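So the chains spell out like this:
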Amino acid sequence: MSKKKVSALDMPDVPMGQLPEHLNLQRTRLRCKADAPIHTESIQYSGAYASMGVDSSVDIKKFNSNFKVEIVRLTEDEIEFDMIGIDAALANAFRRILIAEVPTMAIKKILMVNNTSVIPDEVLAHRLGLIPLDADPRVFEYLSVKSDQLKWLPNGSELEIATLDKSSKVKSYTSFSCSQNSLPEISKKPLGVKHDDIILAQLGPGQEIELEAHAVKGIGKDHAKWSPVAATWYRMLPEVVLSEEVKGQDAEKLVKKCPVNVFDIEDLGNGDKKAVVANSRACTLCGECIRDVSEGLVKLRHVEDHFIFTIESVGALSPDELFIEAVKILEEKCHRQIVQLS
């Protein structure tokens, strides 16, 4: 009597609604091998594991329950935090927004009165434009002209004709509706440069520079001087696993191989010792620990939905405020897409 064939998916060790361990690792981990990484693709379509009763599609409720932000380090100009429960596309969206779309203030126009230094006017103007300004861009508006600003002049032109008469009233190049010092947002924190020790030019005897600089609001997409970050980057959380115990001299060799001290020695007593993973977060995946060792002894992985994010601010806004502004911009983009599709 022949035995009834049973599908592998119906076996007791593969319960419905749950992935086997090897498939779950392929879905959630990027494996770094000696020659090249594997399992680099992101699996997010609903039918990938439908036969096992597992729905891997993007779900807003699942995202809300799994997404977390954990701050690891925060200083005046830098923040490091973990974003858990997202994919690389969303992490990269935040990075690009921070670099190119979060607005800041920068010098755009220079009125050069006198420059007898060896620095040409255009070079000096370029240097001035790259100086970080200690000015909150949220207080200012973009330069814009709207149709309601067009007015009919029944008496003809009101533009003044240039004159050489020194007795006539001289008007300044720029005028404001009120003094900027009277604005409450600015009166509490006067505007200025972020760093007062940046060398613009070396002056020789008898040389001088006199100028007036005008700063406007802009974004890094238009020019790098408006980028609010010195640098911003992310990396997946490293995961280092020892598939078997490494003892004795082999343990010492493994510890010495790692340049960032991922491994450590654990004393087992009676002169025995073994290698343990002490700080997998510090791993740079240089691959030194998997060279000249048996295959699979050390497994280097990346957690695909866990990103270590770092933001270095140039100073106009604190790094945590920059991330909040980036979230607002991404939210606005999503809202525009929903409106266009509805």
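Residues numbered from 1 in each chain as written. Predicted model: local features only at pLDDT ≥ 70, side-chain atom pairs only at ≥ 80, totals over all residues. Heavy atoms only, no water.

Per an unreviewed UniProt entry, the protein chain is named DNA-directed RNA polymerase RpoA/D/Rpb3-type domain-containing protein, and its organism is Zingiber officinale.

Observations regarding unusual backbone geometry
Just so we agree on the cut-off: Helix and strand definitions here come from DSSP, where helices need a minimum of 4 consecutive H or I residues and strands a minimum of 2 consecutive E residues; each element is numbered from the N-terminal end.
Located in the positive-phi region is asparagine 261, a residue other than glycine, with phi close to 60°. Tracing the backbone shows asparagine 261 in the loop between α6 (248-257) and β8 (263-269).

Details of the packing of aromatic side chains
This is how the line gets drawn: The rule is short: rings of Phe, Tyr and Trp, with Trp giving its six-membered ring, pair when the centres are within 6.5 Å, and they are stacked under 30 degrees, edge-to-face over 60, tilted in between. By the criterion adopted, a ring carries a charge over it if an Arg CZ or a Lys NZ lies within 6 Å of its centre and within 35 degrees of its normal.
By the definition in use, this model includes six aromatic pairs. Geometrically, the ring pair formed by tyrosine 234 and phenylalanine 307 is edge-to-face, given 5.5 Å between the ring centres and 80° between the ring planes. Here phenylalanine 307 lies in strand β10 (residues 298-313) and tyrosine 234 lies in strand β7 (residues 229-242), a separation of 73 residues in the sequence. In this structure, lysine 225 is placed above the aromatic ring of tryptophan 226, and the distance from its NZ or CZ to the ring centre is 4.9 Å.

Re the pattern of salt bridges
As a working rule, side chains carrying opposite charge can pair if their charged atoms are close by. Using the following cut-off: Just to be clear on terms, a salt bridge is a Lys or Arg side-chain nitrogen sitting within 4 Å of an Asp or Glu carboxyl oxygen.
All chains considered together, the criterion is met by 18 salt bridges. Its salt-bridge partner being arginine 29, residue glutamate 239 comes within 2.8 Å of it at the nearest N-O pair. Residue glutamate 239 is located in strand β7, and its partner arginine 29 is located in strand β1 (residues 29-32); the two are separated by 210 residues in the primary sequence. For lysine 333, the salt bridge goes to glutamate 101, with nearest N and O atoms at 2.6 Å. In this pair, lysine 333 is assigned in helix α7 (residues 319-341) and glutamate 101 in the loop between α3 (88-100) and β5 (104-115), connecting sequence segments 232 residues apart.

Points about α6
Which entries qualify depends on this criterion: Three exposure classes are used, based on accessible area relative to the maximum for each residue type with a 1.4 Å probe and protein chains only: buried under 20%, partly exposed in between, and exposed over 50%. Here the arc refers to the directions that run from the helix axis out to each C-beta atom.
Where α6 is concerned, the buried positions are Ala251, Leu254 and Val255. Buried positions in α6, seen along its axis, are confined to an arc of 100° and lie on one side of it. Away from the buried face of α6 by more than 90 degrees, exposed residues Gln249, Lys253 and Lys256 are located.

Things to note about the environment of leucine 191
We count it as follows: Contact definition: two residues touch when any of their heavy atoms are within 4.5 Å.
Summarising the element assignment, leucine 191 is placed in the loop between α5 (184-187) and β6 (209-218). A sequence separation of eleven residues divides leucine 191 from glutamine 180, and the C-alpha atoms of the two residues are 9.5 Å apart. In this structure, leucine 191 is in contact with Asp134, Ala135, Phe140, Gln180 and Ile186, ignoring residues within four places of it in sequence.

Side note on the environment of glutamate 245
Heads up, the rule is: As used in this structure description, the phrase polar contact means that two N or O atoms lie within 3.5 Å; if the pair is within protein, one of them must be able to donate a hydrogen and the other to accept it, and residues adjacent in sequence are counted only when both atoms belong to side chains.
Within the secondary structure, glutamate 245 sits in the loop between β7 and α6. For glutamate 245, a relative accessible area of 49% translates into the label partly exposed. Between the C-alpha atom of glutamate 245 and that of alanine 275, which follows or precedes it by 30 residues, the distance is 7.2 Å. Side chain to side chain, glutamate 245 and lysine 247 meet in a polar contact 3.2 Å long. Among the polar contacts listed, one links the side chain of glutamate 245 to the side chain of lysine 274, at a separation of 3.5 Å.

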